[in-house]
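Results of the structural survey
Okay, here's what each chain looks like letter by letter:
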Amino acid sequence: MKQKLSVVKIGGNLIEDAEGFKHVLELFSKMNENKILVHGGGKKATELANQLGVESKMVNGRRITNAETLDIALMVYGGLVSKKIVAKLQALGTDAIGMSGADANAIKAHKRPKKNVDFGYVGDVDMVNTYGIFKLLQAGFTPIFCALTHDGKGQMLNTNADTIAAELAIAMSDQFETTLYYCFDKKGVLQDVEDENSVIQHIDSKGYDELLAYGIIADGMLPKMHNCFYALRNHVAKVCVGNTNMLEANNSDYTTLTL
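Under the annotation held in an unreviewed UniProt entry, the chain carries the name Acetylglutamate kinase and is attributed to Flagellimonas halotolerans. What the UniProt record of the chain gives under Pathway (unreviewed entry) is the line "Amino-acid biosynthesis; L-arginine biosynthesis; N(2)-acetyl-L-ornithine from L-glutamate: step 2/4." Check the Catalytic activity (unreviewed entry) section of the UniProt entry for the chain; it says "N-acetyl-L-glutamate + ATP = N-acetyl-L-glutamyl 5-phosphate + ADP".

Laid out in structure tokens, this is it:
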């Protein structure tokens, strides 16, 4: 019988909302099983970039990362946001350890090849050091991953936090029964984007294809859903999408995705 592991990803909007941020960390700290937190911080990075007079360029919701933007990502994701989360979790009794992909050689990636768009210093994941992460969990630490990887040759890379969460959940599925949680500002996948309460509680592969065909899943939800089903097809037990309340023990008002 495999032990359970929860991989929880929180987005930049949550980090900016003081009450929501506090709430999600409280709920995360109460999760009893093995757990990993993955966080973004894009909003804060854009804010700092603006203060420093560095232009932020986005294509299809993905950040173009030049050398200046990468330095800002390192400061914000690996420093400011990471350490605030770690300190707050320590106060809640969770022995957290802030991680980038370079720490303990946890996540190695390669620079995304130039195709139609040159994304710059953006990494696509090649390898997750499952043994190292397993040893941290075994020692009673809770890893807190930011959206940064490395190429093994000294170069840090900006990597989408949703993707990092999916890759961690997939890699750890050999040793654990893994559930991946994507926390964002909606209650789940909505049947009607205008109606906050129209949560679709369960989506399988067939339902997903239908929702795509009808255009119900579109825009910003597309890459998120792509990551969800990519994780499921690679042995993650289930994926849950919703707001922070889905981490509450008795709440079922969110979307669960299975094959």
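What follows continues from the structure just given.
**Considering the overall build of the chain**
Of regular secondary structure, the chain possesses eight helices and 14 strands. Overall, the C-alpha framework of the chain stretches about 45 × 40 × 35 Å when taken along its three principal axes. Here the chain holds 259 residues, and 49% of them are scored as buried. Excluding contacts between residues fewer than 6 apart, the proportion of contacts in the chain whose partners are at least 24 apart in sequence is 71%. Here the chain displays about 12400 Å² of accessible surface, and carbon together with sulfur accounts for 49% of that area. Each charge class in the chain can be summarised by its mean position, and for the 27 positive and 30 negative side chains these summaries are 5 Å apart.

**Considering the sheet that holds strand β14 (residues 255-257)**
By way of backbone hydrogen bonds, the strands of a sheet pair with one another, either parallel or antiparallel. Spatial strand order, β5-β8-β2-β1-β11-β13-β14-β12: eight strands in an open sheet with mixed pairing. For this open sheet the edge positions go to β5 (96-99) and β12 (202-203), each flanked by a neighbour on one side alone. Pairing between β5 and strand β8 (residues 142-145): four bridges, direction parallel. Note that in β8 the partner of Ala-96 across the bridge is Thr-142. Relative to the sheet, helix α2 (residues 18-30) contacts β1 (3-10), β2 (34-39), β8 and β11 (176-183), its axis offset from that of β2 by approximately 160 degrees.

Reading the values: rules and limits
- Residues numbered from 1 in each chain as written.
- Predicted model: local features only at pLDDT ≥ 70, side-chain atom pairs only at ≥ 80, totals over all residues.
- Heavy atoms only, no water.
- UniProt positions renumbered as here; feature names shortened; annotations may be inferred.
- Helix = DSSP H or I, 4+ residues; strand = E, 2+ residues; numbered from the N terminus.
- Buried < 20%, exposed > 50% of the residue type's maximum accessible area, 1.4 Å probe, protein only.
- Contact = heavy atoms within 4.5 Å.
- Areas by Shrake-Rupley, 256 points an atom, 1.4 Å probe, with all protein chains shown as cover.
- Lys, Arg positive; Asp, Glu negative; His and termini not counted.
- Charge placed at Lys NZ, Arg CZ, Asp CG, Glu CD.
- Pairing = 2+ DSSP bridges.
- Axes fitted to C-alpha atoms, helices over the stretch in contact; angles between N-to-C directions.

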